[in-house]
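# Inside the fold
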Amino acid sequence: MKLLSASMLAVALLAGCGGMSNKVATATDTPTRTADGVLIGPNGMTLYTFARDTAGSGKSACNAACATNWPPLAVAATAKPMGGYTIVTRDDGTRQWAYKGAPLYYWAKDTKSGDKTGDGMLNGAWKVARP
């Protein structure tokens, strides 16, 4: 009976992980690192900037449905700006990391580390973020 219960628990836990994705934008204290000359988030996924954002404005121009496709790099409640990284407040009140004043985003269609499928989207409005 104990073996059956342990097996059922393991199946339940693994089933819950099936819906998880590395594209989920979770809040982070550490903004980014680099790989292959581009900024990547803590989850290893490529980060992007949006040409419609005004660098240094403290705002994001990608909200609502846009943010579904381009999830912002969220900021943990305890995080503080550091180096070239600042924090912008989004229309919904959440906070997002920015690099050199440009808000940072993931692209929902990137599926694995190293993907850069969002680069150049919307007539070049989306670019990979570079240090």
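All figures in this text were calculated on a predicted structure; none of them were measured in a lab. (Residues numbered from 1 in each chain as written. Predicted model: local features only at pLDDT ≥ 70, side-chain atom pairs only at ≥ 80, totals over all residues. Heavy atoms only, no water.)

### A word on the overall build of the protein chain
Which entries qualify depends on this criterion: Only runs of H or I of at least four residues qualify as helices and only runs of E of at least two qualify as strands under DSSP, and these elements are numbered from the N terminus. Per-residue accessibility, obtained with a 1.4 Å probe over protein chains only, is compared with the maximum for each type, and a residue is labelled buried under 20%, exposed over 50%, and partly exposed between these values. We get accessible surface area from the Shrake-Rupley algorithm with a probe of 1.4 Å; when it comes to residues, only the shown protein chains can shield them.
Along its length, the protein chain carries three helices and seven strands. Ordered by position in the sequence, the α and β elements of the protein chain form the string α-β-β-β-α-β-β-β-α-β. By the burial criterion, 36% of the 131 residues in the protein chain qualify as buried. If you sum the accessible surface of the protein chain, you get close to 7400 Å²; carbon and sulfur atoms cover 61% of it.

### So, the state of the cysteines
Disulfides are covalent bonds that connect the sulfur atoms of two cysteines. This is how it is decided: By convention in this document, the label disulfide applies to cysteine sulfur atom pairs within 2.5 Å.
By the definition in use, this model includes one disulfide. Covalently, Cys62 is tied to Cys66 through a disulfide, its sulfur atoms 2.0 Å apart. Here Cys62 and Cys66 share a disulfide; its torsion about the S-S bond, -110°, makes the bridge left-handed. Cys62 gets classed as buried once you look at its relative accessible area, which sits at 0%.

### Considerations on the nonpolar core
Grouped burial of nonpolar side chains is what soluble globular proteins tend to show. Basically, it comes down to this: Among buried residues, those of type Ala, Val, Leu, Ile, Met, Phe, Trp, Tyr and Cys that are joined through side-chain atoms within 4.5 Å constitute a nonpolar core.
One finds Leu39, Met45, Leu47, Leu73, Val75, Ala79, Tyr85, Trp97, Tyr99, Leu104, Tyr106 and Ala129 forming the largest nonpolar core, which totals 12 residues. Core analysis: the next-biggest nonpolar cluster, separate from the first, contains 11 residues, Val38, Tyr48, Tyr105 and Trp126 among them.

### A look at the pairing of strand β4 (residues 85–89)
For clarity, the threshold we go by: By definition, two strands form a pair when at least two bridges between them are found by DSSP.
With five bridges connecting them, β4 and strand β5 (residues 95–99) associate as antiparallel partners. The partner of Thr86 across the bridge, within β5, is Ala98. Once β4 ends, the chain turns through five residues before running back antiparallel as β5, passing Gly93 with a positive phi of about 90°.

### Quick word on the environment of Trp126
What counts is decided by this rule: Throughout, a contact is declared for two residues whenever any of their heavy atoms are within 4.5 Å.
Secondary-structure assignment places Trp126 in strand β7 (residues 126–128). Residue classification places Trp126 among the buried positions, given a relative accessible area of 0%. On a C-alpha basis, the gap between Trp126 and Tyr48 in space is 6.4 Å, while along the polypeptide they are 78 residues apart. Not counting chain neighbours up to four residues away, the residues in contact with Trp126 comprise Tyr48, Thr49, Phe50, Cys62, Cys66, Trp70, Tyr105, Gly118, Asp119, Gly120 and Met121.

### Describing the pattern of salt bridges
Filter applied, for reference: By convention in these notes, a salt bridge is any Lys or Arg side-chain nitrogen within 4 Å of a carboxyl oxygen on Asp or Glu.
With the rule as written, the count across this model stands at one salt bridge. The salt bridge involving Asp115 is made with Lys112; its shortest N-O contact spans 2.9 Å. With a relative accessible area of 11%, Asp115 lands in the buried category.

### Re the sheet that holds β4
Strand order across the open sheet formed by three strands is β4-β5-β6, with antiparallel pairing between neighbours. Because the sheet does not close on itself, it has two edges, and the strands there are β4 and β6 (102–103).

### Brief notes about the pairing of β5
For β5, the buried fraction is high: four of the five residues fall into the buried class. Bridging between β5 and β6 involves two bridges; their strand directions are antiparallel. Looking at the pairing, Ala98 lines up with Pro103 of β6. Between β5 and the antiparallel strand that follows it, β6, lie two residues; Lys100 among them carries a positive phi value of about 50°.

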